[in-house]
Amino acid sequence: MSTPAATMVSPLQIGPHTVQPPVVLAPMAGITNAPFRTLCRGFAEGDGWGTGGRPPGAGSGGKGLFVSEMITTRALVERNEKTMQLIHFDATEKPRSIQLYGVDPATVGKAVRMIAEEGLADHIDLNFGCPVPKVTRKGGGSALPYKRNLLRAILREAVSGAGDLPVTMKMRKGIDDDHITYLDAGRIAVEEGVTAIALHGRTAAQHYGGTADWDAIARLKEHVPEIPVLGNGDIWSAEDAVRMVRETGCDGVVVGRGCLGRPWLFSDLVAAFEGRTDDSARPTLRAVADVMVRHATLLGEWIGDEARGVIDFRKHVAWYLKGFAVGSEMRKRLAITSSLAELSEGLAELDLDQAWPLGADGPRGRTSGNNRVVLPDGWLKDPYDCAGISEDAELDTSGG
């Protein structure tokens, strides 16, 4: 499969930060920690396979934007130990992007001011897109934009507290088809000084099922021409990314599940937007295995414990091996490894000369849809009343 010819797209401007090509790694809980961001950046910068003699991710930066996993504002303000580790950035990460989750304007404001005053990041993204029950039952994530006044209050506190740091937001279309919020939320964001908006073209009820509504991305772009709009949803390849920009007029793309087990997708994306038509990565299983070991190694170094790093890596095994001829027993064995040696030995037993299989492309990760959205009692009675939201509604842990 060849990479498509470039489409005309301007650099993405996030405050003082120029992102070219306009490609963003979506925050994913338990996934987009510093090691995974390092891998993705390495491929974006053209050295992900290690051919340039530098560790992946050791380039000068600038090709894409790579956002941390979700950081809870309460946990950040309380300086929770796990949260403080999650906001650690490699020295080569520029700009440093943190995604925050919160439901209480005062707590969000405190967290943003802490980031700005202590120089913890260069860019702040606000999460209004998460559909998981533990978030929506508190009125957070994709449930929150339904409460227009609460959304406005949070955005106002964040932008005010951020100083010179740009503030962006990521959201979904709404709670469900009967409670669509993205156009109102987009207008509120513009009025409160948000720098850019990313829209996942699904409702909270859809989770990750069905097909993303790219027409909604186009409508949002027409509705808020004052600021950049980024599209998210069903980008499984560089071809999909280029097509989304052409069909919707969006200013950039946000890639989430499409890079699970495929951090080299960012190499494809950069090539596509730069007009290089023959650079689509189709690695052999041997190359994939090398990346798997590198990923597990980075996790161990980041955590400070090899075994814990390999255990954390287990969730990635099935994504990396998707489509390859690997027996079920070996897949299970690789998914319970607890040392780099054990992982490497298992991979060495595979037929590593396998070419990239056709079955490895396409959707990855969770696909469930048509879920009941868990909301606070009476949440849908009034889209403007936000009584009852306080610090008690804040989650006290970050990430996955």
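Numbers given for residues are sequential positions, taken from 1 along each chain in its written order. In keeping with the model being predicted, local features are shown solely for residues with a pLDDT of at least 70 and side-chain atom pairs are shown and tallied solely at 80 or more, while totals for entire chains, interfaces and linings include all residues. Hydrogens and waters are ignored; side-chain quantities use all the structure's heavy atoms.

This part is about the nonpolar core. Note that soluble globular proteins tend to have their nonpolar side chains buried in a common cluster. The biggest cluster of nonpolar side chains holds 114 residues, and the ones touching the most others in it are Leu100, Leu126, Met169 and Phe266. The secondary structure listing takes helices from DSSP runs of H or I that are at least 4 residues long and strands from runs of E that are at least 2 residues long, numbered from the N terminus. Residue contributions to this core peak at 10 residues, all from helix H11 (residues 285–303). By nonpolar core is meant a set of buried Ala, Val, Leu, Ile, Met, Phe, Trp, Tyr and Cys residues that side-chain atoms within 4.5 Å join together. In this scheme, a residue with accessible area under 20% of its type's maximum is buried, one over 50% is exposed, and one in between is partly exposed, where area comes from a 1.4 Å probe on protein chains only. Counting 11 residues, the second largest nonpolar core, distinct from the first, contains Val24, Leu65, Ala198 and Val254.

Our next topic: the packing of helix H6 (residues 148–162) against helix H7 (residues 182–191). In this description, a line fitted to the C-alpha atoms serves as the axis of each element, helices being fitted only across the stretch in contact, and the angle between N-to-C directions of two axes falls anywhere from 0 to 180 degrees. At a closest axis distance of 10 Å, the pairing of H6 and H7 adopts a crossing angle of 30 degrees. As the angle between them shows, H6 and H7 are arranged roughly parallel. The handedness of the crossing between H6 and H7 is right-handed. For the pair H6 and H7, the contacting residues are Arg148, Leu151, Arg152 and Leu155 in the first and Asp184, Ala185, Ile188, Ala189 and Glu191 in the second. Throughout this entry, Asp, Glu, Lys and Arg are counted as charged residues, while Ala, Val, Leu, Ile, Met, Phe, Trp, Tyr, Cys and Pro are counted as nonpolar. The remaining residues, Gly among them, count as polar. Partitioned by chemical class, the residues of the contact of H6 with H7 number five nonpolar, no polar and four charged. For classification, angles of less than 35 degrees are called roughly parallel, those exceeding 145 degrees roughly antiparallel, those between 65 and 115 degrees roughly perpendicular, and all remaining angles oblique. Note on convention: near helix rotated counterclockwise from far helix by under a right angle means a left-handed crossing. Clockwise means right-handed. Here, residues are in contact when the closest pair of their heavy atoms is within 4.5 Å.

Two strands qualify as a pair provided DSSP detects at least 2 bridges between them. What the eight strands build is a closed barrel, ordered E3-E4-E5-E6-E7-E10-E11-E12; its pairing is parallel. Taken over all neighbouring pairs, the strand axes of this sheet differ in orientation by 25 degrees on average, direction set aside. The pairing of strand E10 (residues 196–200) with strand E11 (residues 229–232) spans four bridges and is classified as parallel. Within E11, the residue paired with Ile197 across the bridge is Val229. Those strands touched by helix H10 (residues 265–274) are strand E3 (23–25), strand E4 (65–72) and strand E12 (252–255), and its axis lies near 165 degrees from that of E3.

Only centres within 6.5 Å qualify two rings of Phe, Tyr or Trp (six-membered ring in Trp) as a pair; their planes then separate them into stacked at under 30 degrees, edge-to-face at over 60, and tilted for everything else. Using the criterion set out here, one finds six aromatic pairs in the structure. Consider the rings of Trp264 and Tyr320, whose centres lie 6.3 Å apart with planes at 40 degrees: the pair is tilted. Residue Trp264 is located in the loop between E12 and H10, and its partner Tyr320 is located in helix H13 (residues 317–321); the two are separated by 56 residues in the primary sequence. Exposure class is identical for Trp264 and Tyr320. Each is buried.

With that settled, consider the environment of Gly42. Along the chain, the position of Gly42 falls in helix H1 (residues 34–44). Of the residues examined, Gly42 reaches a relative accessible area of 0% and is grouped as buried. Distance from Gly42 to Lys63, taken between C-alpha atoms, is 9.7 Å for residues 21 residues apart in sequence.

Let's shift gears to H6. How far a helix is expected to stretch is found by multiplying one less than its residue total by 1.5 Å. Taking 1.5 Å per residue as the helical rise, H6 with its 15 residues ought to reach 21 Å, and the 21 Å between its terminal C-alpha atoms agrees with that figure. Among the residues making up H6, those that are buried are Arg148, Leu150, Leu151, Ile154, Leu155, Ala158, Gly161 and Ala162. Of the surrounding secondary structure, the elements contacted by the buried residues of H6 are helix H4 (105–118), strand E6 (123–128), strand E7 (167–172), strand E9 (179–180) and H7.

This part is about the pattern of salt bridges. Definition used for salt bridges: Asp or Glu carboxyl oxygen within 4 Å of a side-chain nitrogen of Lys or Arg. Within this structure, the stated rule accounts for 24 salt bridges. A salt bridge links Glu191 to Arg152, with the nearest nitrogen and oxygen atoms 2.9 Å apart. Here the residue Glu191 occupies a position in helix H7, and Arg152 occupies one in helix H6, the gap between them amounting to 39 residues. Judged by relative accessible area, which is 46%, Glu191 ranks as partly exposed. For Arg152, a relative accessible area of 24% puts it in the partly exposed group. Salt bridges sharing partners connect three or more residues here, namely Arg152, Arg156, Glu191 and Glu192.

With that settled, the discussion passes to the environment of Lys170. Assignment of secondary structure puts Lys170 in strand E7. Using a relative accessible area of 13% as the deciding quantity, one classes Lys170 as buried. Along the backbone, Lys170 and Leu126 are 44 residues apart, and their C-alpha atoms lie at a distance of 6.3 Å. Other than its neighbours up to four places away in sequence, Lys170 contacts Ala26, Pro27, Gln99, Asp125, Leu126, Asn127, Phe128, Gly129, Ala198, His200, Asn232 and Val254.

Here we come to unusual backbone geometry. A cis geometry characterises the amide bond from Gln20 onward to Pro21, with omega recorded as 0 degrees. Mapped onto the elements, Pro21 comes out in the loop between strand E2 (17–19) and E3. Residue Pro95 is reached from Lys94 by a cis peptide bond, and omega for that bond is -10 degrees. One can find Pro95 in the loop between helix H3 (81–86) and strand E5 (97–101). The backbone of His207 shows a phi angle near 50 degrees, a positive value even though the residue is not glycine.

Another aspect to go through is the pairing of E7. Across the six residues of E7, six count as buried, placing the element largely inside the fold. Judged by which residues are buried, E7 turns out to be covered on both faces: Val167, Met169 and Met171 on one side and Thr168, Lys170 and Arg172 on the other are all buried. Both E6 and E7 contribute to a ladder of five bridges, which runs parallel. In the strand pairing of E7, Ile124 is matched with Val167. Note that E7 and E10 share five bridges and pair parallel. Paired with Arg172 across the two strands is His200, which belongs to E10.

The predicted coordinates ought not to be read in detail in places where the model reports low pLDDT. Known as pLDDT, the predictor's confidence for each residue is given on a scale from 0 to 100. Overall, the prediction assigns the chain a mean pLDDT of 90, with 88% of residues at 70 or greater. Confidence over residues 1–6 falls short of pLDDT 50; this stretch has 29 contacts with residues more than four positions distant or in other chains. Per-residue pLDDT stays below 50 along residues 51–61; that stretch engages in 22 contacts with residues further than four places along the chain or on separate chains.

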